Amino acid sequence: MVDESVSATSVAQLLQEPNSALRSLSLQSAHFADFTRAFSSTNATLSSLTRLELHGAYLKETEVVALFSVLQRSADRLVELKLSGNSPEQLGCEAISTYLKLNRSLRILHLAGCDLSPSNFETLVAGIEQNAVLDTLYANSNSIGSSGGSAIAEALATKNKTLTCLDLRSNNIRFEAVEPFAKALRDNTTLLHVNLHDNWMTPAGVAILQQARAANPNTRIYFLDIGGCNEIEPDEMSDDSDVSERA
């Protein structure tokens, strides 16, 4: 772990050393805005890293883009990446998606609380669809909505066969996404852990999901959380309603 008082340039210099064997780098409390700039302006690489933690590092869109430029160039052994609590926005999500399309090492990705919109998440799903390594995605506490939820569900039903753990708690996913998720539950044979807690699935939607899981004779799911998803009837709210209306 690198202390938050260490400058980004110092970290880059550390990685630039010929015999650097740094495996895990944690900067979850970093407040410096020039983190990725330091890597981009030196010959530092992340080739020895298997775990990079930038939780709550206050990275904005351009910094996320710069970070993934570095990762794409040199982080070919990275297994876990924690980006929760940052703000990638659209360009950052495009950079992450491109990285996922080409990457052959990353297995665990944390994107909780990143203010992801439906379009942001749909962009990410385009990368997940073509990824053959990622098995765990934490994307809880965002606002991906029904369209974002439907996008990942459709990918899991037809294209992605590697994801085993999916966390989409508290994402404003509503009844419109129930059927795509039901299809994924009926058809997917790799998922093990699915968390949809605290969304707007409605009682009817919850029942459909439960039936879909039961209808898959080859399901491997041992954990399906759809608690807190049954407060609202399907015709009482649409995707463009304000989240604040929830009781």
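Residues numbered from 1 in each chain as written. Predicted model: local features only at pLDDT ≥ 70, side-chain atom pairs only at ≥ 80, totals over all residues. Heavy atoms only, no water.

### So, the overall build of the chain
Thought 1: Counting secondary structure elements, the chain contains 8 helices and 8 strands.
Thought 2: Out of the 247 residues belonging to the chain, those deemed buried represent 51%.
Thought 3: Within the chain, counting contacts between residues at least 6 apart in sequence, those at least 24 apart form 87% of the total.
Thought 4: With the model as given, the accessible surface of the chain reaches about 10,800 Å², and the carbon-plus-sulfur share is 49%. (Helix = DSSP H or I, 4+ residues; strand = E, 2+ residues; numbered from the N terminus. Buried < 20%, exposed > 50% of the residue type's maximum accessible area, 1.4 Å probe, protein only. Contact = heavy atoms within 4.5 Å. Areas by Shrake-Rupley, 256 points an atom, 1.4 Å probe, with all protein chains shown as cover.)

### Remarks on the sheet that holds strand 5 (residues 136–138)
Thought 1: One open sheet accounts for 8 strands, arranged 1-2-3-4-5-6-7-8; its pairing is parallel. Two strands lie at the open edges of the sheet, namely strand 1 (24–26) and strand 8 (223–225), each paired on one side alone. When the angles between neighbouring strand axes are averaged without regard to direction, this sheet yields 5°. (Pairing = 2+ DSSP bridges. Axes fitted to C-alpha atoms, helices over the stretch in contact; angles between N-to-C directions.)

### Here's the deal with the packing of aromatic side chains
Thought 1: Scanning all chains against the criterion turns up 1 aromatic pair.
Thought 2: Between Phe68 and Tyr99, the ring centres sit 5.2 Å apart and the planes meet at 70°, which makes this aromatic pair edge-to-face. With Phe68 in helix 3 (residues 61–74) and Tyr99 in helix 4 (residues 89–102), this pair connects stretches of sequence that are 31 residues apart. Across the pair, Tyr99 and Phe68 agree in class, each one buried.
Thought 3: Positioned above the aromatic ring of Trp200 is the side chain of Arg174, whose terminal nitrogen or guanidinium carbon lies 5.6 Å from the ring centre. (Phe/Tyr/Trp six-rings, centres within 6.5 Å; stacked < 30°, edge-to-face > 60°. Lys NZ or Arg CZ within 6 Å of the ring centre and 35° of its normal.)

### Observations concerning unusual backbone geometry
Thought 1: With phi around 55°, Asp115 is a residue other than glycine that occupies positive phi space.
Thought 2: Structurally, Asp115 can be placed in the loop between strand 4 (108–110) and helix 5 (118–129).
Thought 3: A relative accessible area of 62% means that Asp115 is categorised as exposed.

### Thoughts on the confidence of the model for the chain
Thought 1: Put simply, the chain has an average pLDDT of 84, and 77% of its residues get 70 or more.
Thought 2: Under a pLDDT of 50 for its full length, residues 1–5 has, in the predicted model, 10 contacts with residues more than four places off or in other chains.
Thought 3: Predicted confidence for residues 236–247 stays below pLDDT 50, and this span has 21 contacts to residues more than four positions away or in other chains. (pLDDT = per-residue confidence, 0-100.)

### Description of the pattern of salt bridges
Thought 1: Using the criterion set out here, one finds 7 salt bridges in the structure.
Thought 2: Across the salt bridge formed by Arg51 and Glu80, the nearest N and O atoms sit 3.7 Å from each other. Taken together, the residues span a long stretch of sequence, with Arg51 in strand 2 (residues 51–53) and Glu80 in strand 3 (residues 80–82) at a distance of 29 residues.
Thought 3: In this structure Arg51 comes out as partly exposed when scored by relative accessible area, which is 24%.
Thought 4: Among the charged side chains, a salt-bridge network with shared partners connects Arg51, Glu53 and Glu80. (Salt bridge = Lys/Arg side-chain N within 4 Å of Asp/Glu carboxyl O.)

### Some details on the packing of helix 5 against helix 6 (residues 145–158)
Thought 1: It is the contact of helix 5 with helix 6, at a shortest axis distance of 8 Å, that shows an interaxial angle of 10°. For the element pair helix 5 / helix 6, the angle class is roughly parallel. Mapping the contact onto sequence places Pro118, Phe121, Glu122, Val125, Ile128 and Glu129 in helix 5 and Gly145, Ser147, Gly148, Ala151, Ile152 and Ala155 in helix 6.
Thought 2: Its residues assigned to classes, the contact of helix 5 with helix 6 comprises 7 nonpolar, 3 polar and 2 charged. (Parallel < 35°, antiparallel > 145°, perpendicular 65-115°, else oblique. Nonpolar A, V, L, I, M, F, W, Y, C, P; charged D, E, K, R; others polar.)

### Some words on the packing of helix 6 against helix 7 (residues 178–187)
A pair of packed helices is characterised by two quantities: the angle between their axes and the separation of those axes.
Thought 1: In contact at an axis separation of 8 Å, helix 6 and helix 7 are set at 20° when each is read in the N-to-C sense. Viewed along their axes, helix 6 and helix 7 adopt a mutual orientation that is roughly parallel. Between helix 6 and helix 7 lies a crossing whose hand is left-handed. Touching Gly149, Ser150, Ile152, Ala153, Glu154, Leu156, Ala157 and Thr158 of helix 6 are Pro180, Phe181, Lys183, Ala184 and Asp187, all from helix 7.
Thought 2: Partitioning the contact of helix 6 with helix 7 into residue classes produces 7 nonpolar, 3 polar and 3 charged. (Left-handed = near helix turned anticlockwise from the far one by under 90°.)

### Structural notes on helix 5
Thought 1: With 12 residues, helix 5 extends 16 Å from end C-alpha to end C-alpha; this agrees with the ideal 16 Å at 1.5 Å per step.
Thought 2: If you check which residues of helix 5 are buried, you get Asn120, Phe121, Thr123, Leu124, Val125, Gly127 and Ile128.
Thought 3: Contacts made by the buried residues of helix 5 are with helix 4, strand 5 and helix 6. (Expected span 1.5 Å × (residues − 1).)

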